[in-house]
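# Per-entry structural report
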Amino acid sequence: MDCSGFVYKVLSEFGIKAPRTSKDYINFGNFVQIDSIKPGDILIFSFYSPYDHVGIYIGDNKLIHSVSKKGVIIEDMKYIKKYLKMARRVRLFY
């Protein structure tokens, strides 16, 4: 499962119709300042191209996301925060 498919699946479990591609998440939900993220916020990254990865913030500086060849993992943000470009909040969570 790719990253956007993972986020799509999680949100669909809460009855939320979410976008299917990473780039479409830039207009989904409400904008959140990166220094104000809360658990449940959607994080959008640019690793190789603009807005090419999404995951879900779970608190304590950690992210859950799907990574090629590794599957769904929980990762410390300190390793990838420099690639974080945007955060979005879905009203269901806050």
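A brief structural summary. What you see is a predicted model; the values in this text were computed from it and never measured.

Parameters at a glance
- Residues numbered from 1 in each chain as written.
- Predicted model: local features only at pLDDT ≥ 70, side-chain atom pairs only at ≥ 80, totals over all residues.
- Heavy atoms only, no water.
- Helix = DSSP H or I, 4+ residues; strand = E, 2+ residues; numbered from the N terminus.
- Buried < 20%, exposed > 50% of the residue type's maximum accessible area, 1.4 Å probe, protein only.
- Core = buried A, V, L, I, M, F, W, Y, C linked by side-chain atoms within 4.5 Å.
- Pairing = 2+ DSSP bridges.
- Axes fitted to C-alpha atoms, helices over the stretch in contact; angles between N-to-C directions.
- Salt bridge = Lys/Arg side-chain N within 4 Å of Asp/Glu carboxyl O.
- Phe/Tyr/Trp six-rings, centres within 6.5 Å; stacked < 30°, edge-to-face > 60°.

### Structural notes on unusual backbone geometry
- With phi around 55 degrees, Asp60 is a residue other than glycine that occupies positive phi space.
- By secondary structure assignment, the location of Asp60 is in the loop between β3 (53-59) and β4 (62-67).
- Given a relative accessible area of 66%, Asp60 falls into the exposed group.
- A positive phi angle, close to 70 degrees, is found at Lys69, a residue other than glycine.
- In this fold, Lys69 is placed in the loop between β4 and β5 (71-76).

### Side note on the nonpolar core
- Ranked by size, the top nonpolar core spans 14 residues in total, and within it Val7, Leu11, Tyr25, Phe28, Ile42 and Val54 carry the most contacts.
- The element best represented in this core is helix α1 (residues 3-13), accounting for four residues.
- Counting residues in each nonpolar core, the second largest holds 10 residues, with Ile37, Tyr57, Ile80 and Leu84 among its members.

### Quick look at the sheet that holds β5
- Strand order in the open sheet formed by six strands is β1-β6-β2-β3-β4-β5, and the pairing between neighbours is antiparallel. In this open sheet, the two strands that pair with only one neighbour each are β1 (30-32) and β5. Put simply, the sheet's adjacent strands are angled 35 degrees from each other on average, direction ignored.
- Examined bridge by bridge, strand β2 (residues 42-45) and β3 share four bridges and lie antiparallel to one another. When the sheet's bridge partners are listed, Leu43 is paired in β3 with Gly55.

### Some points on the pattern of salt bridges
- All chains considered together, the criterion is met by four salt bridges.
- In this structure, Asp41 and Arg89 form a salt bridge, with 2.8 Å as the shortest nitrogen-oxygen distance. With Asp41 in the loop between β1 and β2 and Arg89 in strand β6 (residues 84-89), this residue pair connects regions lying 48 residues apart in the sequence.

### Comments concerning the packing of aromatic side chains
- Applying the stated rule across the entire model yields three aromatic pairs.
- Taken together, a centroid distance of 5.6 Å and an interplanar angle of 80 degrees make the contact between Tyr25 and Phe28 edge-to-face. When sorted by exposure, Tyr25 lands in the same class as Phe28, which is buried.
- Taken together through their ring pairs, the aromatic side chains of Phe45, Phe47 and Tyr83 make up a single cluster.

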